[in-house]
Amino acid sequence: MIPYGKQNITQQDIDEVINALKSDYLTQGPKIKEFENAFASYVGSKYALAVANGTAALHLCTLALQVQPGDKVITTPITFAASANCVKYCGGEVVFADINPETYLLDIVKVKELLLSSPKGTYSGIIPVDFAGKAVNLEEFRELADEYGLWIIEDSCHAPGGFFVDSSNNSQSCGNGNFADLAIFSFHPVKHIACGEGGMITTNNPEIYAKLLMLRSHGITKNDEFYTNTLDFANGTSKAETYPGWYMEMQTLGYNYRLTDFQASLGISQLNRAEDGIQKRREIAGKYFTAFNKKDFVISQSGVVKGHAYHLYILEVQDRLALYNYLKEHNIFAQIHYIPCHLMPYYRNLGWKEGDMPNAESYYKHCISLPMYPTLTEDEQQYVIDTIFQFYENR
Ligand SMILES: *Cc1c(COP(=O)(O)O)cnc(C)c1O
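Let me begin by describing the structure that accompanies this report. Everything numeric in this text was worked out from a predicted model, so none of it was measured.

**Here we look at empty space enclosed by the protein**
This model, assessed by the stated rule, comprises two cavities of 30 Å³ or more. Its volume calculated, the largest cavity comes out at about 60 Å³. Looking at the largest cavity, it is lined by 14 residues, and the ones nearest its centre are Leu138, Glu154, Phe164, Ser173 and Asn176. Looking at the lining of the largest cavity residue by residue, the classes come out as seven nonpolar, six polar and one charged. Put simply, the second largest cavity is a space of about 40 Å³.

**Side note on a nonpolar patch on the surface**
On the surface, a cluster of nonpolar side chains totalling about 220 Å² of accessible area is made up of Ile9, Ile14 and Ile18. Looking at the secondary structure, you find Ile14 in helix 1 (residues 11–22).

**What about the packing of helix 10 (residues 274–292) against helix 14 (residues 378–393)?**
At a minimum axis distance of 11 Å, the contact between helix 10 and helix 14 shows a crossing angle of 25 degrees. It follows from the interaxial angle that helix 10 and helix 14 lie roughly parallel. Along this stretch, helix 10 crosses helix 14, giving a crossing that reads as right-handed. Between helix 10 and helix 14, the contacting residues are Ile284, Lys287, Tyr288, Ala291 and Phe292 on the first element and Glu378, Gln381, Gln382, Val384, Ile385, Ile388 and Phe389 on the second. Looking at the contact of helix 10 with helix 14 residue by residue, the class counts come to eight nonpolar, two polar and two charged.

**Considering the site of the ligand**
The local shell around the ligand holds 14 residues, among which Gly54, Thr55, Asp155, Ser186 and Lys191 are the closest. Taking Asp155, its side chain carries an N or O atom lying 2.7 Å from a nitrogen atom of the ligand. With respect to the ligand, the side chain of His158 contributes an N or O atom lying 2.8 Å from an oxygen atom. When the free accessible area of the ligand is taken as 380 Å², the share hidden by the protein chains comes to 92%. Listing elements by their share of the shell around the ligand, those giving two or more residues are helix 3 (54–64) and helix 4 (82–89). When the residues that make up the shell around the ligand are grouped by side-chain class, the tally is four nonpolar, eight polar and two charged.

**Comments concerning the pattern of salt bridges**
Scanning the entire structure with this criterion turns up 10 salt bridges. When the shortest N-O distance is used, the salt bridge between Arg216 and Glu36 registers 2.9 Å. Pair noted here: Arg216 is in helix 7 (residues 206–216) and Glu36 is in helix 2 (residues 30–43), with a separation of 180 residues, a long-range link. We note a salt bridge from Asp356 to Lys353, for which the minimum N-O separation is 3.0 Å.

**Let's talk about the sheet that holds strand 14 (residues 313–317)**
Backbone-to-backbone hydrogen bonds join strands into a sheet, with any given pair of strands oriented parallel or antiparallel. In spatial order, the strands read 13-14-16; together these three strands make up an open sheet with antiparallel pairing. Sheet topology places strand 13 (298–301) and strand 16 (367–370) at the edges, where each strand pairs with a single neighbour. Each adjacent strand pair in this sheet contributes to an overall mean axis angle of 30 degrees, direction not counted.

**Focus: the nonpolar core**
In terms of nonpolar packing, the biggest core is built from 104 residues, with Phe131, Ile201 and Phe292 touching the most fellow members. When neighbours within four sequence positions are excluded, Ile201 is seen to be in contact with Tyr47, Ala48, Leu49, Val51, Ala57, Leu60, Cys61, Leu182, Ala183, Ile184 and Leu212. Membership of the second largest hydrophobic core comes to 18 residues, among which are Phe187, Ile268, Leu271 and Ala274.

**Some words on the packing of aromatic side chains**
Under the definition given, this model contains 27 aromatic pairs. Measuring from ring centre to ring centre gives 5.3 Å for Phe35 and Phe187, while their planes differ by 50 degrees; the resulting arrangement is tilted. Of this pair, Phe35 sits in helix 2 while Phe187 sits in the loop between strand 9 (182–186) and strand 10 (199–203), and the two are 152 residues apart along the sequence. No difference in accessibility class separates Phe35 from Phe187, as the two residues are buried. Ring geometry for Tyr47 and Tyr209: centres 4.5 Å apart, planes at 15 degrees, overall stacked. One end of the pair, Tyr47, is in strand 2 (residues 47–51); the other, Tyr209, is in helix 7, and 162 residues separate them in sequence. What makes Tyr209 buried here is its relative accessible area of 13%. Here the aromatic cluster, defined as three or more aromatic residues joined through ring pairs, consists of Tyr288, Phe292, Phe297, Tyr310, Tyr313, Tyr326, Phe389, Phe391 and Tyr392. Here the basic side chain of Lys120 rests over the ring of Tyr148, its NZ or CZ set 5.2 Å away from the ring centre. One Lys or Arg, Arg320, reaches over the ring of Tyr364 and ends 5.2 Å from the middle of that ring.

Analysis parameters
- Residues numbered from 1 in each chain as written.
- Predicted model: local features only at pLDDT ≥ 70, side-chain atom pairs only at ≥ 80, totals over all residues.
- Heavy atoms only, no water.
- 1 Å grid on protein atoms, 1.4 Å probe; cavity = no way out; pocket = protein on both sides within 12 Å on 5 of 7 lines; lining within 4 Å.
- Points joined across faces, edges and corners; volume = space filled by probe spheres on them.
- Nonpolar A, V, L, I, M, F, W, Y, C, P; charged D, E, K, R; others polar.
- Patch = residues over 30% accessible without salt bridge, like charges linked within 9 Å, V, L, I, M, F, W, Y side chains within 5 Å.
- Areas by Shrake-Rupley, 256 points an atom, 1.4 Å probe, with all protein chains shown as cover.
- Salt bridge = Lys/Arg side-chain N within 4 Å of Asp/Glu carboxyl O.
- Helix = DSSP H or I, 4+ residues; strand = E, 2+ residues; numbered from the N terminus.
- Axes fitted to C-alpha atoms, helices over the stretch in contact; angles between N-to-C directions.
- Parallel < 35°, antiparallel > 145°, perpendicular 65-115°, else oblique.
- Left-handed = near helix turned anticlockwise from the far one by under 90°.
- Contact = heavy atoms within 4.5 Å.
- Near = heavy atom within 4 Å.
- Polar contact = N/O pair within 3.5 Å; in protein donor to acceptor, adjacent residues only side chain to side chain.
- Pairing = 2+ DSSP bridges.
- Core = buried A, V, L, I, M, F, W, Y, C linked by side-chain atoms within 4.5 Å.
- Buried < 20%, exposed > 50% of the residue type's maximum accessible area, 1.4 Å probe, protein only.
- Phe/Tyr/Trp six-rings, centres within 6.5 Å; stacked < 30°, edge-to-face > 60°.
- Lys NZ or Arg CZ within 6 Å of the ring centre and 35° of its normal.

This is how it looks when you write it as structure tokens:
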């Protein structure tokens, strides 16, 4: 069976997890900071905060940015629902803007149209998604966001190790914090780095980082610089110079969105191989591109793009449903990314309907994600390619 995506667990990974299980800490131990430091240096951000999963990462971001009931936030309909749902968790309003049909990414032209069509102050933020592993040009989005006083959360679940090239010809890594206020990643097994469940937030903003730290763990701080209760109160009846060892304060309504130490040790071990994984993904993408280039059944396909992290390799094809079923009969489990988010019943109930996002909807009719993961062998990839050609020859 050939799935569309799959984790790669080595003996080294297993040994690292066993070491963590035998250590003093299953959670809240030293592996968390070690993973965060390694991840921050991988993407080039100042801060990284490990969390329970990518959805928790998104929720903490909207909390830290203080999304309030009624706040309007713009995102793309071609993404996993969590990119939009994090706005709803805080009572905000999701406003979808259509994709660019060539890049499949949130179209900045459509976002501009939205911003221009209402008074300044109507929108509070934008959540662009590095969909399929293709990095959003955040330099352009930052300029627009600054003009309208908006924050940016980069959903980079598909693109750790990806980058775009800015106007000064510098490579800008996804999640490096140079343009977005916050970026988030997921360590679900189908993503580049697997922890089972897991996520990461990156930022260069020290105030936001301090808030996130607290929100991740019940709104509790153990940093005496932030304490608001007096020393007298903290010490009970005795007078002392410092806060006692047990002291802590819950200052805001937080959650338990922590990662465990054994998940973090798996993450560290996986991160060590991340660049090799991306290299392999780029080779696989190159081979697909060559195989399907200018074939009459292909409407469009993921190109060979600098900085693309190739979480997915997408073809837009004729007769998609029949192809999907044919591949399945041949033990190839392709996938569809995504059913447009605005047409999910939950969002339909909020007023979204067919025809609202024509580019996303026409993309959805033809898209199919082919098997793409570092351990996909050359023979397996050739079998996928041959089976697709077989299907169109026999039609
Ligand atoms: C996977 C994913 C998420 C959610 O991550 P989880 O770790 O599964 O909660 C959010 N956004 C995108 C684009 C994703 O692919």
